Each structure stands twice: as C-alpha cells, then as structure tokens.
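Descriptive analysis of the structure
Chain by chain, the residues:
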Amino acid sequence: MQKPDLSVEIAGITLRNPIMTASGTFGYGEEFSEYVNLEAIGAIITKGLSLKPKAGNPTPRIVETTGGMLNAIGLQNVGIDTFVEKKVPFLRTVATPVIVNFFGNTLEEYAELAERLDRIPEVAAVEINISCPNVKHGGIVFGTDPKAAYSVVKAVREATTKPVIVKLSPNVTDIVEMAWACADAEADALSLINTLTGMAIDLDKRRPILANVTGGLSGPAVKPIALRMVWQVARAVKIPVIGIGGIMTGIDALEFMLAGATAVQVGTANFLDPGAAGRIAAEMERYLADKGIADVKEMIGALEV
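As a convention, each chain's residues are numbered from 1 in the sequence order in which they are written. Reporting in this predicted model follows two pLDDT cut-offs: at least 70 for local features of residues, and 80 or more for side-chain atom pairs to be given and counted; totals over whole chains, interfaces and linings ignore these cut-offs and use all residues. As a rule here, side-chain values come from all non-hydrogen atoms in the structure, and water together with hydrogens is ignored.

Another point: the pattern of salt bridges. Any Lys or Arg side-chain nitrogen found within 4 Å of a carboxyl oxygen on Asp or Glu counts as a salt bridge. Tallying each qualifying case throughout the model produces ten salt bridges. A salt bridge links Asp-81 to Arg-116, with the nearest nitrogen and oxygen atoms 2.6 Å apart. Of the two residues, Asp-81 is situated in helix α1 (residues 80-91) and Arg-116 in helix α2 (residues 107-118); the sequence distance between them amounts to 35 residues. With a 1.4 Å probe rolled over the protein chains alone, any residue whose accessible area is under 20% of its type maximum counts as buried; one over 50% counts as exposed, and the rest are partly exposed. With a relative accessible area of 25%, Arg-116 lands in the partly exposed category. Here the residues in one salt-bridge network are Asp-5, Asp-295 and Lys-297, joined through shared partners. Note on conventions: DSSP H or I runs of at least 4 residues are helices, E runs of at least 2 residues are strands, and numbering of each starts at the N terminus.

Put into structure tokens, the structure is as follows:
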C-alpha cells in the first residue's frame, strides 16, 4: 500500500506533515527529544519568548479540570538572549522547521523581538501571541481589539522578513473580525485557538485553586469551540489557518483539517503523553491509508455543510 502524502505548506514553509507542537507545551524542543522523533513531525513551536527573562506566576499554576486543564504559568521563559545562546544551538541540529512564538506588552517590544528573531537563520517563521495587555493603553489585550491587533501585526510585519503567524484569542465577541484585522495587516497565517479564560475553586477552602485566580483552559473540553472557530475563520480569510484545541488523536487532527485548517498544533496532549505529536502524525497517516486517501491536502476544507 502506497503511503499517503502528508506534506502541507504554510506561508512558503513545507511541512513533512501537518502536526506542529503548540507553544508553551513543548519547551524549546530539546526537552522532548528523547520522547518523540523531532523529525517525524511537521514543525516545532517554541515556548513564548519575551525580551527579558520572565519568572511567571506563583504556584499553584496548573490544575486538572473535567476534560482538560487550567494553566496560569504566566508566560515564564528564558528571554531572547538566553534563547539565542543556549537554545538555538540544539535547534540548529534538527531538520524540522522551527517557529518561535513571542509576545510583548508594547508595540515597540513586539517590533524589537521580531527584528531580533529575523536575524536567526534557524527560525523559519514567527508566531505572535497577541493575548497580552497593552500597557501603554490601559491594559487592553491586543488580541481582543481589532485595531490593536492590526497595529501589533503591522509592527511585526514591518520588522521581519520571516512568515508571520498570528495566534488568535477565543476570548472575543467575533473571532472573524479579529482574523480580518490580522489578515489586513498582512499576516501570513493564523493559528487558533489560544486558551479560554476559566477558573477552578476549592470548595473546602473556599478559595480559587490557582494562585492567579483565573487561568487558560485547554484540552478536549475546548475542542468543539475550537472547531467552530476554525471553521468560521477558514471560510472568511484567504490565508492558511492552523487549528488548535483538544487535539489528542489523529482523528481529532483530521477533523480540524476538514473544518478548513491546513495544519494543526498539539498542546495539552504533550503533558499526558510526551510522544503525542509523533503518535498523532502516525495515526493520521494510518487513517488516510486505510481510507485510500492519497494526499492529506484533499481533507482541507472538505467539510460538507
């Protein structure tokens, strides 16, 4: 039986298969290298980077919930300088595209990070986390206001020659409006969804379980919402969409592709099974082979409504 073609293209980058790792769930790649063959997946997306190192929020900052988990890690990361010095040398040895997720609290921070990442040959593309407050404008989250989203994507677009992916927040009234704003600012692709805001309570202590009170909900519980948003956005924009949200199996991944995603990101599954990304890619291949589907691209947007 001939193996199906799993390759897809996102903004000029060819991926051997549509399976990417979601930022914040896969470290900087090296941490998972003994559990998954990094050259058996489509792309590695690193933990979100900021200009300076960030310690993150106090603990407890992860709690399991029904069908998922809440995290309030607080974007802990090593900062751009340490990333270049200590993380890039390993990534240089891997023949898989590396996409760097990054964030800032001002337009200037986003632009500076984009400019610095532009100088690193090992970085194939950047993914902007716009679920951050704009400290110069009263703390409004860039990703919940179309004008703010447009401005930050435009600033990054002007600061880098690399493909720009924008990670959309689901905590909005109209996800399509946000997608249009980012596409208008010349984003090359969109990834969605980021986590939903939630909380968990300890009944006996009468206190929130997370020290931060609220956190980001991810895992299978969010999959139906993510599928709906991917379907809406993929029909509304002409740039590629990357699906995220509760992908635990190859079947989950293919459902997102039917809804219009060109590729997907595996996140929470990595905590349960460090080899999840490779396993999901293999399951996807097996399904296509069993159904006699020669090319995974036949699945993209093939949902019949």
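The next subject is the sheet that holds strand β6 (residues 68-71). Here a strand pair is declared whenever DSSP counts at least two bridges between the two strands. Read from one edge to the other, the open sheet built from four strands follows the order β5-β6-β16-β13, with strand pairing classed as antiparallel. Each edge of the open sheet carries a strand with a single partner, namely β5 (62-65) and β13 (196-199). Going across the sheet, the axis of each strand differs from the next one's by a mean of 40°, ignoring polarity. Pairing of β5 with β6 involves four bridges; the strand directions are antiparallel. The partner of Glu-64 across the bridge, within β6, is Met-69. Axis definition: a line fitted to C-alpha atoms, limited for helices to the stretch in contact. Angles are taken between N-to-C directions and run from 0 to 180 degrees.

The span one expects for a helix is its residue count, reduced by one, times 1.5 Å. End to end, helix α5 (residues 223-236) covers 20 Å across 14 residues, agreeing with the expected 20 Å (1.5 Å per residue, within 8%). Considered for burial, the residues of α5 that qualify are Lys-223, Ala-226, Leu-227, Met-229, Val-230, Val-233 and Ala-234. Contacts were defined at the residue level, with two residues in contact if any of their heavy atoms lie within 4.5 Å. Residues of α5 that are buried in the fold lie against α4 (175-184), β12 (189-192), β17 (241-244) and α6 (250-258).

So, about a nonpolar patch on the surface. Residues form patches when they are more than 30% accessible in relative terms and have no salt bridge. Like charges link within 9 Å. Nonpolar side chains (Val, Leu, Ile, Met, Phe, Trp, Tyr) link within 5 Å. Residue burial considers only the protein chains on display, and all accessible areas are found by Shrake-Rupley using a 1.4 Å probe. Taken together, the side chains of Met-199, Ile-201 and Val-213 define a hydrophobic patch exposed on the protein surface, amounting to about 270 Å² of accessible area. Topologically, Val-213 is positioned in the loop between β15 (207-208) and β16 (214-218).

Our focus in this paragraph is the sheet that holds strand β11 (residues 164-167). Taken together, eight strands build an open sheet; the order of strands is β3-β18-β17-β12-β11-β8-β7-β4 and the sheet is parallel. The open sheet has two free edges, formed respectively by β3 (19-21) and β4 (44-45), since each of these has just one partner strand. By the bridge criterion, five bridges tie strand β7 (residues 98-102) to strand β8 (residues 123-129) in an arrangement that is parallel. For Val-100, the partnering residue across the bridge sits in β8 and is Val-126. In the packing of α6 onto the sheet, contacts are made with β3, β17 and β18 (263-266), and the angle to β18 comes to roughly 140°.

Closest axis-to-axis distance for the α6/helix α8 (residues 276-291) pair is 7 Å, and the angle between their directions is 70°. Here α6 lies roughly perpendicular to α8, going by the angle between them. Contact with α6, carried on its side by Gly-250, Ile-251, Ala-253, Leu-254 and Met-257, involves Ile-280, Glu-283, Met-284, Tyr-287 and Leu-288 of α8 and no other residues of that element. All residues other than Ala, Val, Leu, Ile, Met, Phe, Trp, Tyr, Cys, Pro, Asp, Glu, Lys and Arg, Gly among them, are scored as polar; the first ten of these are nonpolar and the last four charged. Among the residues forming the contact of α6 with α8, the class breakdown is eight nonpolar, one polar and one charged. Small angles under 35 degrees read as roughly parallel and large ones over 145 as roughly antiparallel, with 65 to 115 read as roughly perpendicular and the rest as oblique.

The subject of this paragraph is the environment of Lys-162. With respect to the helices and strands, the residue Lys-162 is situated in the loop between α3 (146-159) and β11. The spacing of Lys-162 and Ala-11 is 151 residues in sequence and 9.3 Å in space, taken between C-alpha atoms. Ignoring anything within four residues of it in the chain, the contact list for Lys-162 reads Leu-117, Asp-118, Ile-120, Pro-121, Val-123, Ala-124, Ala-125, Arg-157 and Asp-188. Polar contacts, as counted here, are pairs of nitrogen or oxygen atoms within 3.5 Å of one another; within protein the pair requires one atom able to donate a hydrogen and one able to accept it, and residues that are adjacent in sequence qualify only if both atoms are side-chain atoms. At a separation of 3.1 Å, a polar atom in the side chain of Lys-162 contacts the main-chain carbonyl oxygen of Ile-120.

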